[in-house]
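Chain and residue survey
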Protein chains: 2
Amino acid sequence: MKRNLSETCYGFFSTLANPARLAIMEKLRKEPMNATTIKENLGQEQSMVSHNLRLLERCALVYSEKKGREKVYRLNIETMETIFKAVENHANKFCPKKGKCSHSK
Amino acid sequence: MKRNLSETCYGFFSTLANPARLAIMEKLRKEPMNATTIKENLGQEQSMVSHNLRLLERCALVYSEKKGREKVYRLNIETMETIFKAVENHANKFCPKKGKCSHSK
DNA sequence: ATAATATATGAAAATATATTCATATATAAA
DNA sequence: TTTATATATGAATATATTTTCATATATTAT
């Protein structure tokens with residue numbers, strides 16, 4: 001399958017490059033959860049959660065299943081475990097101090 | 001080593017979530033290269049290349065070695081091959097059409 | 001020394017993204 | 001069938017990031 005890697009990566013990484021969405025992903029890594037529970041657990045605005053879940057789902061980083069009036073989200077474990085582990089390994093091996101690789105100007 | 005995964009991921013992904021930087025990474029994936037060659041190959045502004053290489057290096061996604069007045073950059077292959085392959089696999093498996101996972105509003 | 005080349009830096013301007021607010025829709029409970 | 005709950009949507013505002021420009025520094029060649 002012929003794809004442009006840079007473009008694919010841009011979609012992928014920019015979907016993940018957001019603290020609120022990453023917090024959601026970390027929650028979902030533990031267990032599936034509906035949108036309201038996510039909102040309550042993380043103290044995020046309802047509509048922000050909804051916007052962000054849509055982006056995550058579009059990129060197939062999470063799946064959802066409708067359960068009555070709720071919508072239960074779960075992580076795409078196959079992709080995300082690989083990615084989380086790769087980032088963890090990278091950080092442990094190459095980023096000596098908290099904050100080094102992060103967002104100090 | 002105790003780290004906050006979300007924060008680590010945020011630094012990592014936001015460093016990668018940029019088309020100009022990804023283009024650099026794709027070039028460096030082929031072979032090491034100095035900043036001027038990158039600039040010429042990609043037609044990017046000199047100072048933008050410099051700013052972006054600094055971000056990539058801070059996050060240890062690339063390394064550099066000074067060679068006279070040039071600076072030769074090379075990919076952190078260990079990390080980046082894993083990541084690129086994971087994204088490629090994800091896209092092939094989960095993102096049926098060009099543009100689906102990408103940036104259509 | 002002087003000029004040329006490679007890279008770096010900081011700040012301003014341009015652009016993109018996130019967040020909130022008001023409101024809509026859909027489903028279930030009373 | 002009215003009310004409550006869960007989620008979605010669009011547009012306005014707030015915030016963050018990127019890009020460019022002017023200029024600085026460092027190294028090599030003349």
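Attention here is on the structure that accompanies the text. (Residues numbered from 1 in each chain as written. Chains lettered and ligands numbered in written order. Predicted model: local features only at pLDDT ≥ 70, side-chain atom pairs only at ≥ 80, totals over all residues. Heavy atoms only, no water.)

1. A closer look at the sheet that holds strand β2 (residues 62–67) of chain A
Residue and element names in this part refer to chain A. Across the sheet, 3 strands lie side by side as β1-β3-β2; this open sheet has antiparallel pairing. Each having just a single partner strand, β1 (33–34) and β2 make up the two edges of the open sheet. The pairing of β2 with strand β3 (residues 70–75) spans 6 bridges and is antiparallel. Paired with Lys67 across the strands is Glu70, a residue of β3. (Pairing = 2+ DSSP bridges. Helix = DSSP H or I, 4+ residues; strand = E, 2+ residues; numbered from the N terminus.)

2. Comments concerning the protein's contact with DNA strand D
Residues in contact with DNA strand D amount to 24 residues; listed here are only the nearest, A:Thr36, A:Gln46, A:Lys71, B:Arg21 and B:Ser47. The sugar and phosphate moieties of DNA strand D supply 56% of its atoms located within 4 Å of the protein. A distance of 3.1 Å separates a phosphate oxygen of DNA strand D from a polar side-chain atom of B:Asn18. Measuring from a phosphate oxygen of DNA strand D, one finds a side-chain N or O atom of B:Arg21 at 2.7 Å. The set of elements that each furnish at least two residues to the surface near DNA strand D consists of α3 (35–42), α4 (46–58) and β3 of chain A together with α2 (19–30) and α4 (46–58) of chain B. Tallying contributions element by element places α4(A) first for the surface near DNA strand D, with 5 residues. (Near = heavy atom within 4 Å. Polar contact = N/O pair within 3.5 Å; in protein donor to acceptor, adjacent residues only side chain to side chain.)

3. Points about the packing of aromatic side chains
Under the defined criterion, the tally for this structure stands at 5 aromatic pairs over all chains. Between A:Phe94 and B:Tyr63, the aromatic rings sit 6.3 Å apart at their centres with planes inclined by 55°, giving tilted as the arrangement. Of the two residues, A:Phe94 sits in helix α5 (residues 77–94) while B:Tyr63 sits in strand β2 (residues 62–67), which places them in two different chains. A relative accessible area of 25% means that B:Tyr63 is categorised as partly exposed. (Phe/Tyr/Trp six-rings, centres within 6.5 Å; stacked < 30°, edge-to-face > 60°. Buried < 20%, exposed > 50% of the residue type's maximum accessible area, 1.4 Å probe, protein only.)

4. With respect to the nonpolar core
In terms of nonpolar packing, the biggest core is built from 50 residues, with A:Phe13, A:Met25, B:Phe13 and B:Met25 touching the most fellow members. Setting aside residues no more than four positions away along its own chain, A:Phe13 makes contact with B:Phe13, B:Leu16, B:Ala17, B:Leu22, B:Ile83 and B:Val87. (Core = buried A, V, L, I, M, F, W, Y, C linked by side-chain atoms within 4.5 Å. Contact = heavy atoms within 4.5 Å.)

5. Brief notes about the protein's contact with DNA strand C
Not every one of the 24 residues close to DNA strand C is listed here, only the nearest: A:Arg21, A:Ser47, B:Thr36, B:His51 and B:Lys71. In the interface set of DNA strand C, defined as its atoms within 4 Å of the protein, sugar plus phosphate atoms amount to 55%. Measuring from a phosphate oxygen of DNA strand C, one finds a side-chain N or O atom of A:Tyr10 at 2.9 Å. Here a phosphate oxygen of DNA strand C and a side-chain polar atom of B:Ser50 are 3.2 Å apart. Those elements that provide at least two residues to the surface near DNA strand C are α2 (19–30) and α4 of chain A together with α3 (35–42), α4 and β3 (70–75) of chain B.

6. Observations regarding the interface of chain A and chain B
Contacts between the two partners involve 49 residues from chain A, matched on the other side by 49 residues from chain B. For the pair chain A and chain B, the two sides together bury roughly 4300 Å², of which 63% comes from carbon and sulfur. When the area that chain A buries against chain B is broken down by residue, the three leading residues are A:Leu5, A:Phe13 and A:Arg58, summing to 15%. Linking chain A to chain B there are 2 salt bridges. Note that B:Glu78 and A:Lys93 form a salt bridge whose closest N and O atoms lie 3.0 Å from each other. Viewed at the interface, chain B and chain A are joined by 8 residue pairs in polar contact (both at pLDDT 80 or more). Elements that contribute at least two residues to the side of chain A that touches chain B include exactly α1 (5–16), α2 and α5 of chain A. Per-element accounting of the side of chain A that touches chain B gives the leading share, 13 residues, to α5(A). (Buried area = accessible area lost by both parts, 1.4 Å probe. Salt bridge = Lys/Arg side-chain N within 4 Å of Asp/Glu carboxyl O.)

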